[in-house]
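# A structural walkthrough
This is what each chain is made of:
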Amino acid sequence: MALDILLADAAIRQTPGHPDSDNKKGREKVGLAGKDPARNANDMIISASYRTDIPAFYRTWFQNRFAAGFCRVSNPYGGPPTRVSLRDDVDGYVFWTRNAAPFRPALDIVHRAGLPFIVQYTVTGYPRALESGVPDGETSVAVIRRLASDFGRRAVVWRYDPILYSDLTPPDWHRANFAGLACRLEGAVDEVVVSFAQIYRKTGRNLAAAAQTFAFGWQDPPGDEKRRMLSDLAAIAGEHGMRLALCTQPDLVSEETPAARCIDAARLSDLAGRPIAARIKGNRPGCLCAESRDIGTYDSCPQGCVYCYAVDLRSRAKDRLRRHDPDGEFLLPPAAVGK
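Residues numbered from 1 in each chain as written. Predicted model: local features only at pLDDT ≥ 70, side-chain atom pairs only at ≥ 80, totals over all residues. Heavy atoms only, no water.

## What about unusual backbone geometry?
Most peptide bonds take the trans configuration, and most residues that are not glycine carry a negative phi. What counts is decided by this rule: For helices the rule is a DSSP run of H or I covering at least 4 residues; for strands it is a run of E covering at least 2, with both sets numbered from the N terminus onward. Burial classification: accessible surface area is computed with a 1.4 Å probe over protein chains only, and a residue below 20% of its type maximum counts as buried, one above 50% as exposed, and the rest as partly exposed.
At the junction of A48 and S49, the peptide bond is cis and its omega measures out at -10 degrees in the coordinates. Summarising the element assignment, S49 is placed in the loop between β1 (44-48) and α2 (54-57). Cis geometry marks the peptide bond from D161 to P162, where omega comes out at 5 degrees. Looking at where P162 falls in the secondary structure, it is placed in strand β6 (residues 156-163). Look at T248: it is not a glycine, yet its phi comes out positive at around 50 degrees. With respect to the helices and strands, the residue T248 is situated in the loop between β10 (243-246) and α9 (265-272). A relative accessible area of 10% means that T248 is categorised as buried. You will see that D299, though not glycine, has its phi angle at about 55 degrees, which is positive.

## Digging into the packing of helix α5 (residues 137-151) against helix α6 (residues 171-185)
Our working definition: Convention adopted: a line fitted to C-alpha atoms gives each axis, helices being fitted over their contacting stretch, and angles between N-to-C directions are expressed from 0 to 180 degrees. Angles below 35 degrees are treated as roughly parallel, those above 145 as roughly antiparallel, those between 65 and 115 as roughly perpendicular, and all remaining angles as oblique. Crossing handedness is read from the near helix: turned anticlockwise from the far helix by less than a right angle, it gives a left-handed crossing, and turned clockwise, a right-handed one. Throughout, a contact is declared for two residues whenever any of their heavy atoms are within 4.5 Å. Charged means Asp, Glu, Lys or Arg here, nonpolar means Ala, Val, Leu, Ile, Met, Phe, Trp, Tyr, Cys or Pro, and polar covers whatever is left, Gly included.
Look at α5 against α6: their axes get within 10 Å of each other, and the N-to-C directions meet at 30 degrees. When the interaxial angle is binned, α5 and α6 end up roughly parallel. Seen from above, α5 lies across α6 with right-handed handedness. Between α5 and α6, the contacting residues are E138, V141, I144 and R145 on the first element and L181, R184 and L185 on the second. Residue classes in the contact of α5 with α6 are distributed as four nonpolar, no polar and three charged.

## Overview of the side chain of Q120
The condition is simple: Pairs of N or O atoms within 3.5 Å make up the polar contacts considered here, provided that, within protein, one atom can donate a hydrogen while the other can accept it, and that residues adjacent in sequence are counted only when both atoms are side-chain atoms.
Mapped onto the elements, Q120 comes out in strand β5 (residues 117-122). Q120 sits in the buried class, given a relative accessible area of 2%. Within the structure, Q120 has its side chain in polar contact with the side chain of R159 (distance 2.7 Å). Beyond its immediate sequence surroundings of up to four residues, Q120 is in contact with V94, F95, W96, T97, V157, R159, V193 and C262.

## Some words on the sheet that holds β1
Selection criterion: Any two strands are treated as partners once DSSP identifies two or more bridges connecting them.
Strand order in the open sheet formed by seven strands is β10-β8-β6-β5-β4-β1-β11, with parallel pairing between adjacent strands. Bordering the open sheet on either side are β10 and β11 (292-294), each of which pairs with just one other strand. Adjacent strand axes in the sheet meet at a mean angle of 25 degrees when their direction is disregarded. Pairing between strand β8 (residues 191-196) and β10: four bridges, direction parallel. Bridge pairing links V192 to L244 in β10. Where helix α4 (residues 104-112) meets the sheet, it contacts β4 (90-97) and β5, and its direction lies at approximately 155 degrees from that of β5.

## Here's the deal with helix α8 (residues 223-239)
Quick note on the threshold: The span one expects for a helix is its residue count, reduced by one, times 1.5 Å.
Compared with an ideal rise of 1.5 Å per residue, which puts 17 residues at 24 Å, α8 spans 25 Å between its outermost C-alpha atoms and is within 8% of the ideal. Residues of α8 that are buried: E225, K226, M229, L230, L233, A234, I236 and A237. On its buried face, α8 is in contact with β6, β7 (165-166), α6, β8 and β10. Remark: G241 follows α8 within two positions and exhibits a positive phi of approximately 75 degrees.

## Digging into the state of the cysteines
Here is the rule: Any two cysteine sulfur atoms lying within 2.5 Å of each other are counted as a disulfide.
Counted under the stated rule, the structure contains zero disulfides. C247 forms no disulfide, and the closest cysteine sulfur to it belongs to C262, at a distance of 3.9 Å. On the basis of relative accessible area, C247 is assigned to the buried category, the value being 11%. In this structure C305 is not part of a disulfide, and its nearest cysteine sulfur, from C308, lies 6.3 Å away. Judged by relative accessible area, which is 14%, C305 ranks as buried.

## As for the pairing of β4
Counting buried positions along β4 gives eight out of eight residues, so the element sits mostly inside the fold. Here β1 pairs with β4 via five bridges, running parallel. Bridge pairing links S47 to V94 in β4. Examined bridge by bridge, β4 and β5 share five bridges and lie parallel to one another. Each bridged residue has a counterpart across the sheet, and for T97 the counterpart in β5 is Y121.

## Here's the deal with the pattern of salt bridges
For clarity, the threshold we go by: Any Lys or Arg side-chain nitrogen found within 4 Å of a carboxyl oxygen on Asp or Glu counts as a salt bridge.
Evaluated as defined, the whole model comprises 24 salt bridges. Note that E329 is salt-bridged to R72, the shortest N-O span being 3.6 Å. Residue E329 is found in the loop between α10 (314-323) and α11 (334-337), and its partner R72 is found in strand β2 (residues 70-73); the two are separated by 257 residues along the sequence. When the shortest N-O distance is used, the salt bridge between D150 and R104 registers 2.7 Å. Highlighted residues: D150 in helix α5 and R104 in helix α4, separated in sequence by 46 residues. On the basis of relative accessible area, D150 is assigned to the partly exposed category, the value being 45%. Judged by relative accessible area, R104 falls into the partly exposed class, the value being 25%. Salt bridges here are not isolated pairs; linked through shared partners, they connect R154, D190, E191, R243, R267 and D270.

Right, dumping it as structure tokens:
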């Protein structure tokens, strides 16, 4: 969608009497190329999405909804769906992905609309037995470097996440693998976010199935071993001009490995060139993310990462992707989410 069409649409929606018009006294609407310096209490950061990989699989839907100015989101806990603005009253975006290459046209649209964004980009380079459907490390590094060149190194955060100990990925393997990726990403990113795999019931089940199929063992290491690994990775990151931060594992936080702010209002402010204020409202104990609205749906990413917390069954995710309507208001409507 060309920017002039978006601007024309915004102007139409601000016509008095239009359902989306805003006639609140004392609040001047600024076009898509800019926003009021003072943040409105209703402004919000959009997360797209820690529940699924929208950039890899749902670009057309996102572009359609961005042009429309809103989407509707199914409640993952069974409550009523919500309507989420995607342009007006939006401070910026955080995109979560393992493959941003298909999403580049959408990023250009968001950028031209004057909205800052961060790409939380996961690159682990694990064996295919653990992540069968993601691009290889070299391909992902090349995409990150292009994004950093075009949008600035503050626009991309590398995620080496989660750290999984297994026969295929033992501790020394992680140190060497992380060092290789950090070397290739030097100058393109200034932060790497890590965490150790959280073994929820569904992740334990999926890991056990993969371990049986591919004949490997896996383990959740003790805290002391995790701290040694984090110290080593932090030192490697520092050698390559990166700060290492730890995602929502407060028992492992230290001065050397501080807590991450994945939904980061300060980073968005740097990108926007204006202050963006947002209260801290994490998703789990110890989470320091700024308040956001997530527009994704669980069990809709078919990449097949066996350690993923957001997918119960890969077969269900594949089926939901097949049934996805790119012209719909929902990524997946409530009826589809219930199946």
